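Descriptive structure summary
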Amino acid sequence: MVFGFFVVAQAGYAQDAPFEQLKQKFENGQIFKADFNHKYVDSYTDETVENSGEIWVGENQYKVDSPNQLVAVNGDISRVYDSERNRVIISTYVPEEDDFAPSRILNGIDSTYTIDEQEKKGDNYLIKLSSDDPFALFQNVEITLNSNLIPLKIFVRDPADNLITTTFSDGSFINRRENIFELEYPANAEIIDMRN
């Protein structure tokens, strides 16, 4: 989830549009913290996989704490701790291979995406992004923010028509703290460094 990317907005969107304001929060160093539920529906088999936990999202990094697994990405390196195996896997971070992309989406994906719509729906904002690039990670992206620009939901459709919905609860923006994106694990954990 590379975070420095920006969505090319269609002409006519003001600087204070909801999505621009959201990106500005990350650029100003704020961290989005929330509980999440991540649901993946396979378009071919209809199989559904769900995962939940806590997430922290910064401009160039994120951390996910879910049952049996802790993931920390700093933009260059990914660290994953598997508590069942007591093992840490360290690897070079490749954004294109990251299918859990809330942080990448919230920060603005890349220049192949355009903002199709930003509209107020009741008390919330709905932001719709799309890409015509056949190699794009997602074809369509929908972001729902509340009136305070706190993310509530991300819905995406990938090139294989799989549907991925991430919902957030108890979300807020907090100030950056030292070690917020550090990975904590037992001293006796096995370390596997895939970078060599």
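Read on for a plain summary of the structure. Note that the structure is predicted; figures quoted are calculated from it, not measured. (Residues numbered from 1 in each chain as written. Predicted model: local features only at pLDDT ≥ 70, side-chain atom pairs only at ≥ 80, totals over all residues. Heavy atoms only, no water.)

All right, on to the overall build of the protein then. Of regular secondary structure, the protein possesses two helices and 12 strands. Ordered by position in the sequence, the α and β elements of the protein form the string α-β-β-β-β-β-β-α-β-β-β-β-β-β. The burial tally for the protein puts 42% of its 196 residues in the buried class. Counting contacts in the protein only where the partners sit at least 6 residues apart, residues at least 24 apart contribute 53% of the total. Working note: accessible area of the protein is about 10400 Å², and carbon and sulfur atoms make up 43% of it. (Helix = DSSP H or I, 4+ residues; strand = E, 2+ residues; numbered from the N terminus. Buried < 20%, exposed > 50% of the residue type's maximum accessible area, 1.4 Å probe, protein only. Contact = heavy atoms within 4.5 Å. Areas by Shrake-Rupley, 256 points an atom, 1.4 Å probe, with all protein chains shown as cover.)

Our focus in this paragraph is the nonpolar core. The biggest cluster of nonpolar side chains holds 31 residues, and the ones touching the most others in it are Phe32, Leu129, Val141 and Ile143. Once residues lying within four places of it in the same chain are set aside, the contact partners of Phe32 are Phe26, Ile55, Trp56, Val57, Leu106, Ile150, Pro151, Phe168, Gly171, Ser172 and Phe173. (Core = buried A, V, L, I, M, F, W, Y, C linked by side-chain atoms within 4.5 Å.)

Within the structure shown, the criterion is met by four aromatic pairs. Summarising the aromatic geometry, the rings of Phe26 and Phe173 are spaced 5.5 Å apart at their centres and angled 70 degrees between planes, so their arrangement reads as edge-to-face. Placement of the pair is Phe26 in helix 1 (residues 18-27) and Phe173 in strand 11 (residues 163-174), with a sequence separation of 147 residues. When its relative accessible area of 0% is taken as the criterion, Phe26 is described as buried. (Phe/Tyr/Trp six-rings, centres within 6.5 Å; stacked < 30°, edge-to-face > 60°.)

The next subject is the side chain of Ser130. Checked against the element boundaries, Ser130 lands in strand 8 (residues 124-131). By relative accessible area, Ser130 is classed as buried at 13%. A distance of 2.6 Å separates polar atoms of two side chains, one belonging to Ser130 and the other to Asp116. When sequence neighbours within four positions are dropped, the list of residues in contact with Ser130 reads Thr112, Tyr113, Thr114, Asp116, Gln139 and Asn140. (Polar contact = N/O pair within 3.5 Å; in protein donor to acceptor, adjacent residues only side chain to side chain.)

Moving on to the sheet that holds strand 5 (residues 77-82). Pairing is mixed in the open sheet, where 12 strands are placed in the order 7-8-9-10-11-1-2-3-4-5-6-12. Sheet topology places strand 7 (113-121) and strand 12 (190-193) at the edges, where each strand pairs with a single neighbour. Averaged over neighbouring strand pairs, the angle between their axes works out to 15 degrees when direction is ignored. Here six bridges tie strand 8 to strand 9 (residues 140-145), and the two strands are oriented antiparallel to one another. Looking at the pairing, Leu126 lines up with Thr144 of strand 9. (Pairing = 2+ DSSP bridges. Axes fitted to C-alpha atoms, helices over the stretch in contact; angles between N-to-C directions.)

Positive phi is not limited to glycine here, since Asp46 has a value of about 65 degrees. Mapped onto the fold, Asp46 is located in the loop between strand 1 (31-41) and strand 2 (48-57). With a phi angle near 70 degrees, Asn68 is a residue other than glycine that sits in the positive phi range. Structurally, Asn68 can be placed in the loop between strand 3 (62-66) and strand 4 (69-73). Judged by its relative accessible area of 39%, Asn68 falls in the partly exposed class.

Bringing the pairing of strand 1 into the picture now. It is a general feature of regular strands that their side chains alternate between the two faces of the sheet. The sheet contact formed by strand 1 and strand 11 spans 10 bridges and is antiparallel. From the neighbouring strand, Ile31 faces strand 11, where its bridge partner is Ile174. In textbook terms, the turn of a hairpin is the stretch between consecutive antiparallel strands, and for strand 1 and strand 2 this stretch comprises six residues, one of which, Asp46, has a positive phi near 65 degrees.

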